[in-house]
Amino acid sequence: MKKIYVFLADGFEEVEALTVVDLLRRAQCDVLMVSISDNLMVHSAHGIDIKADCLFDTVTEDADMLVLPGGLQGTANLKKHTGLSALVSNYNKAGKFVTAICAGPTVLGHFGLLTNKKACCYPNMEDGLLGADVSFDPVTVDGNIITGRGLGVAIPFALTLIEVLLDAQTSEKVKTSIVF
């Protein structure tokens, strides 16, 4: 079973995070929501408190994919987390999937992971894609780096993650099951 960590910081965009969690779980993946703070309860950008599955200090490098949702304050908090920076960099060096949506790809730019990679992000935040070949596609896949433009593409983004992590048939099965 494939394992995925979805990182939650106060101010995260709930639809981007929870759509990914939901659809990957429908695809029978082991998905853990990880709080980067010292509290399992994480406050979203729109006032919804979500209880994470675990804290960052319990995370190991055994997952197949990392996911960084957007949200302006959430991404600012992700950028400040030195442990996350090291983990994401290690995954990237190992060729494991590192993914982000909306403002989240700017975290990858901040961590220096987008040089000579195609990446997309929320409109007018492209300056944060440091070193990237900026894409305006809804979802962009460049090797192990996968990015999405925003909340409106949360479902196609999650289906793309399923396809690259598992296969096109599983992605299509989930897509059909949610009447998308």
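Residues numbered from 1 in each chain as written. Predicted model: local features only at pLDDT ≥ 70, side-chain atom pairs only at ≥ 80, totals over all residues. Heavy atoms only, no water.

**Things to note about the overall build of the chain**
Along the chain, the regular secondary structure elements total six helices and eleven strands. Summarising its shape, the C-alpha atoms of the chain cover approximately 40 × 35 × 30 Å along the three principal directions. Among the 180 residues that make up the chain, the fraction classed as buried is 53%. In the chain, once contacts between residues fewer than 6 apart in sequence are set aside, the share between residues at least 24 apart is 65%. If the 14 positive side-chain charges of the chain are averaged to one point and the 21 negative ones to another, these points end up 3 Å apart. (Helix = DSSP H or I, 4+ residues; strand = E, 2+ residues; numbered from the N terminus. Buried < 20%, exposed > 50% of the residue type's maximum accessible area, 1.4 Å probe, protein only. Contact = heavy atoms within 4.5 Å. Lys, Arg positive; Asp, Glu negative; His and termini not counted. Charge placed at Lys NZ, Arg CZ, Asp CG, Glu CD.)

**A short note on the side chain of threonine 19**
Following the sequence through the fold, threonine 19 ends up in helix α1 (residues 14–26). The class for threonine 19 is buried, based on a relative accessible area of 17%. There is a polar contact of 2.7 Å between the side chain of threonine 19 and the backbone oxygen of valine 15. The residues contacting threonine 19, other than those within four sequence positions of it, are Glu14, Ala154, Ile155 and Ala158. (Polar contact = N/O pair within 3.5 Å; in protein donor to acceptor, adjacent residues only side chain to side chain.)

**Re the nonpolar core**
Judged by nonpolar contacts, the single largest core of 32 residues is most densely connected at Ile4, Val6 and Leu8. Among the secondary structure elements, those contributing two or more residues to this core are β1 (3–8), α1, β2 (30–35), β6 (65–68), β7 (97–101) and α5 (154–165). Excluding residues that lie within four positions of it along the chain, valine 6 makes contacts with Ala17, Val20, Val21, Val31, Leu32, Met33, Val34, Val67 and Pro69. Residues Ala9, Val34, Leu108 and Ala132 belong to the second largest nonpolar core, which totals 28 residues. (Core = buried A, V, L, I, M, F, W, Y, C linked by side-chain atoms within 4.5 Å.)

**Observations concerning the pattern of salt bridges**
A complete count under the given rule lists four salt bridges for this structure. A salt bridge links lysine 3 to aspartate 62; the shortest N-O distance between them is 2.8 Å. Of this pair, lysine 3 sits in strand β1 while aspartate 62 sits in the loop between β5 (54–55) and β6, and the two are 59 residues apart along the sequence. The exposure class of lysine 3 is buried, given its relative accessible area of 16%. A salt bridge links arginine 149 to glutamate 126; the nearest nitrogen and oxygen atoms lie 3.7 Å apart. (Salt bridge = Lys/Arg side-chain N within 4 Å of Asp/Glu carboxyl O.)

**Some remarks on the packing of α1 against α5**
Contact geometry of α1 with α5 gives a least axis separation of 9 Å together with a crossing angle of 40 degrees. With respect to each other, α1 and α5 are oriented oblique. In terms of crossing hand, the pair formed by α1 and α5 is right-handed. Contact residues: α1 offers Val15, Glu16, Thr19, Val20, Leu23 and Leu24, while α5 offers Ala154, Ile155, Phe157, Ala158, Leu159, Leu161 and Ile162. Among the residues forming the contact of α1 with α5, the class breakdown is eleven nonpolar, one polar and one charged. (Axes fitted to C-alpha atoms, helices over the stretch in contact; angles between N-to-C directions. Parallel < 35°, antiparallel > 145°, perpendicular 65-115°, else oblique. Left-handed = near helix turned anticlockwise from the far one by under 90°. Nonpolar A, V, L, I, M, F, W, Y, C, P; charged D, E, K, R; others polar.)

**A short note on the packing of α5 against helix α6 (residues 168–177)**
Taken N-terminus to C-terminus, the directions of α5 and α6 make an angle of 150 degrees; their axes are 7 Å apart at the nearest point. One way to sum up the angle between α5 and α6 is to call them roughly antiparallel. Judged by the twist between their axes, the crossing of α5 over α6 is right-handed. Contacts between α5 and α6 involve Leu159, Ile162 and Glu163 from the first element and Ala168, Thr170, Ser171, Val174 and Lys175 from the second.

**A word on the state of the cysteines**
For the structure shown, the criterion picks out zero disulfides. Of all cysteine sulfurs in the structure, the one in cysteine 54 sits closest to cysteine 29, which takes part in no disulfide; the separation is 16 Å. Among the cysteines around cysteine 120, which has no disulfide bond, cysteine 121 carries the closest sulfur, lying 7.1 Å off. (Disulfide = S-S within 2.5 Å.)

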